[in-house]
Amino acid sequence: NDGEVMLAGMLDKLLASEKAPQLYGRQVALLGIGTGLGHAIARIDDEERFTFVTDGHASKLRLPVDAEDRLALASVQSQVDVVICDDGTVRAEDLVRGPVIAALSGVKDSREIDMGTSRHAAVLCFAGSYMARLMALIASGQSQDIVPANGWSAQDKKDAAQTDIYLIGGGVGASVLGERMILYAQAELERLGVHHIQIWQVTEEDSTARAAAILALRR
């Protein structure tokens, strides 16, 4: 999927950098934050080879939200597609993706967000906090899909739960907005007592093109 292609490009670049030793033996996931939420997971060995793990569909997981936040999301449903399930959980991508962030901020495009504005800063805190809660949910091995029949198997959940590094990219994730969201996410992970997960922002814009070249050479 698109997420796997983006992750492949990111890993190829990171494995050619001074950060490579930090990735050996680790399980790494992409969260590509843009108009949607891309996701993929790969495990890296000590010979710099990586293997994809399960299918990446974090965007479709049900995430519990605070009542006040659920009301805020309901208020922008006429502007953007937000999936709120009968039990009050929300589709994960609707808590972090660009169009929802923009709608909650009262602007047409996330590029109009001013981090110096208290309302906009609060929305970025909202998105970063739920990004962390999504990571924590996956780490718990107890995630549920908005369509149960499409959910991960018990083994998939166990495998996905081993992720200990998240790479944040995509149009929003690679921007200064993503950088701020990561700060809020790290604080939320600390609050939740989830200390083993690292979050790295990947700002390079050529990941997909790089991956396409890699995959063409491997054919």
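Scroll up a little and you will see the structure.
In this text the structure is predicted, and so the values were computed from the model without any measurement.

Colleague: Explain the sheet that holds strand β2 (residues 37-44) to me, and be specific about the residues and the numbers.
Modeller: With respect to topology, five strands assemble into an open sheet ordered β3-β2-β1-β6-β7, the strand pairing being mixed. Where the open sheet ends on each side, the last strands, each with one partner, are β3 (50-52) and β7 (198-201). Between one strand and the next, the sheet's axes are offset by a mean angle of 30 degrees, whatever the strand orientation. In this fold helix α8 (residues 176-192) packs onto β1 (27-33), β6 (165-169) and β7, with an angle of close to 175 degrees to the strand it touches most, β7.

Colleague: Any chance you could break down the pattern of salt bridges for me, citing the residues and the numbers?
Modeller: Under the definition given, this model contains twelve salt bridges. Taking the shortest distance from any N to any O, the salt bridge between D45 and R49 comes out at 2.8 Å. Overall, D45 belongs to the partly exposed group, its relative accessible area being 24%. Ionic pairing is found between R133 and E188, a salt bridge with its closest N-O pair at 3.0 Å. Of this pair, R133 sits in helix α5 (residues 118-140) while E188 sits in helix α8, and the two are 55 residues apart along the sequence. In this pair, the class of R133 matches that of E188, namely buried. If you follow the salt bridges from partner to partner, you end up with D81, R91, E93, D94 and R97 in one network.

Colleague: Hey, could you go over the pairing of β6 for me, with residue numbers and the actual values?
Modeller: Here β6 lies mainly inside the structure; five of its five residues are buried. With burial as the criterion, each face of β6 is covered, one bearing I165, L167 and G169 and the other bearing Y166 and I168. Bridging between β1 and β6 involves five bridges; their strand directions are parallel. Looking at β6, one finds that G32 is bridged to G169.

Conventions used here
- Residues numbered from 1 in each chain as written.
- Predicted model: local features only at pLDDT ≥ 70, side-chain atom pairs only at ≥ 80, totals over all residues.
- Heavy atoms only, no water.
- Pairing = 2+ DSSP bridges.
- Helix = DSSP H or I, 4+ residues; strand = E, 2+ residues; numbered from the N terminus.
- Axes fitted to C-alpha atoms, helices over the stretch in contact; angles between N-to-C directions.
- Contact = heavy atoms within 4.5 Å.
- Salt bridge = Lys/Arg side-chain N within 4 Å of Asp/Glu carboxyl O.
- Buried < 20%, exposed > 50% of the residue type's maximum accessible area, 1.4 Å probe, protein only.

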